[in-house]
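Architecture and fold: a report
Residue-level listing of the chains:
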Amino acid sequence: MIQTEHRLATRATRRGAVAAIAAATLIGVAACGSDSGSDGGGSAPTTASTAIPAALATYFPGQAASGDPVKIGLLNTEGGPALSDPEIGDAAVAAAEYANANLGGIGGHPIEIDRCGILEDVASSVKCANQMVEDKVAAVVVTTTGFGESIVPIITKAGIPYVSVAGASSGEFTSKNAYMWTGGFAATLSAMATYSAEQGYKKVAAFVTDVPAATGGAAKIGVPAFKAAGVEFTVVPVTPGTADATPQVTSGLAGKPDAAILIFNSTGCTTALKALSVVDPTIPKLGITGCLDPATVDAVGGAIEGAKVFGVSSIATDDPEAQLYRTVMAKYAPDASISGYTPVGYQGMLGLVRATAKLTGSVTSSSILAAIAQAKDVPLPAGAGITFTCDGKQLPGLTTVCSAGEIVLTVKDGVGTQPETIDN
């Protein structure tokens, strides 16, 4: 059972924030999301078990897929010298194996994974996209990438569905044949603005990793969203790799903001939290999932206690969706870390399976696209009750977004707990 589920947004604030985002220029923000490049969701490590809890009996009907396989492309950031997170891709494979054994795969056919590693550069992104077209995959699941602009045109112009739990580039949010199960960075900033207004904050300081994707996205999306919510929003850049962010944090807090927002990967969030613990340890903190990476939690200790972490997954509660995630990972990817950004791979793949649950007959790119377009109120895997509908109406101007919902976790003993939902 979800410990807390509360809709925080007022109608006026929600509409204002969404309208502001719809008019904004969308910029890829994967560089700020994590060392693996994503804005997914999650929590500190949790113990997984292969035993199927009684509450999950209906999730394991044992309807095995059969017949000719349907080839599904999987693009994941892995194999690069600086960025490599194979466990995110392993989570997507685990979801496919679970679906093949219990949900009839896709349209009754077993899913065959065609996996390609993106090195987070243009060359490998284009190479992987072309591979998908050449291999005639029926759909492509992208776990997370900052190079969507290089991939999307190749995939979608070939008539192949491009799906992900969250996008980071303009093409991912607006291209025909692309579907994002959630609103990504745009929805996160909107949710932060809504939450800040509900808390009565008048001004916030956003400490952001100083790369164009992050600072540009925060300025062009965050400023209008917070303005619409009646909250002053100041961006404070912090150079990647900064060992001590005390000067930047001191400067950012000079204006006496009511809260500090942290848009960093795990390393950057560690640095910022350590500086905040020195400059103003009691200021309310709002972060993204990179701040719940086990390395950060271990490094900062109590400095993260009570922080609010925004994302689109909750994996540490007794909610059946969280239990299902842990059970599937224990059974099909026992060696993979289940925390941090790992859930986004699982969400992307199982989201595709659920969105196409009513598909019958031949499984092709066209039939998959038709099924997704007709899917309504699909439960987001590990989504704490969030559902998605891919009718192009969830966020004005962002036609591929299937849900504007966001989850807020409260950090307790280093774990993301008490999920609350914001429906932007």
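Please refer to the structure placed before this passage.
Residues numbered from 1 in each chain as written. Predicted model: local features only at pLDDT ≥ 70, side-chain atom pairs only at ≥ 80, totals over all residues. Heavy atoms only, no water.

Things to note about the overall build of the protein
Along its length, the protein carries 14 helices and 14 strands. The burial tally for the protein puts 61% of its 424 residues in the buried class. Looking at the protein alone, contacts between residues at least 24 apart form 72% of all its contacts between residues at least 6 apart. Of the roughly 15000 Å² that the protein leaves accessible, carbon and sulfur atoms contribute 52%. (Helix = DSSP H or I, 4+ residues; strand = E, 2+ residues; numbered from the N terminus. Buried < 20%, exposed > 50% of the residue type's maximum accessible area, 1.4 Å probe, protein only. Contact = heavy atoms within 4.5 Å. Areas by Shrake-Rupley, 256 points an atom, 1.4 Å probe, with all protein chains shown as cover.)

Focus on unusual backbone geometry
Although it is not a glycine, Asp377 adopts a positive phi angle of roughly 50°. With respect to the helices, strands and loops of the structure, Asp377 is situated in the loop between helix 14 (365-374) and strand 11 (378-379).

Some points on the side chain of Asn177
Mapped onto the secondary structure, Asn177 falls in the loop between helix 6 (170-174) and strand 5 (178-180). Relative accessible area serves as the criterion here: at 15%, Asn177 is assigned to the buried category. For Asn177, the side chain forms a polar contact with the main-chain oxygen of Thr156, separated by 3.0 Å. (Polar contact = N/O pair within 3.5 Å; in protein donor to acceptor, adjacent residues only side chain to side chain.)

Here we look at the packing of aromatic side chains
All told, the structure shown has 5 aromatic pairs when counted by the stated rule. Taken together, a centroid distance of 4.7 Å and an interplanar angle of 25° make the contact between Trp181 and Phe388 stacked. Placement of Trp181 in the loop between strand 5 and helix 7 (184-198) and of Phe388 in strand 12 (residues 387-388) is noted, with a sequence separation of 207 residues between them. For the pair Trp181 and Phe388, one class covers both residues: buried. With centroids separated by 4.9 Å and ring planes inclined at 75°, the aromatic side chains of Tyr325 and Tyr346 adopt a geometry described as edge-to-face. Of this pair, Tyr325 sits in helix 12 (residues 320-332) while Tyr346 sits in helix 13 (residues 343-355), and the two are 21 residues apart along the sequence. A relative accessible area of 0% places Tyr325 in the buried class. Judged by relative accessible area, which is 0%, Tyr346 ranks as buried. One Lys or Arg, Lys331, reaches over the ring of Tyr332 and ends 5.6 Å from the middle of that ring. (Phe/Tyr/Trp six-rings, centres within 6.5 Å; stacked < 30°, edge-to-face > 60°. Lys NZ or Arg CZ within 6 Å of the ring centre and 35° of its normal.)

So yeah, pure geometry; function would need other evidence.
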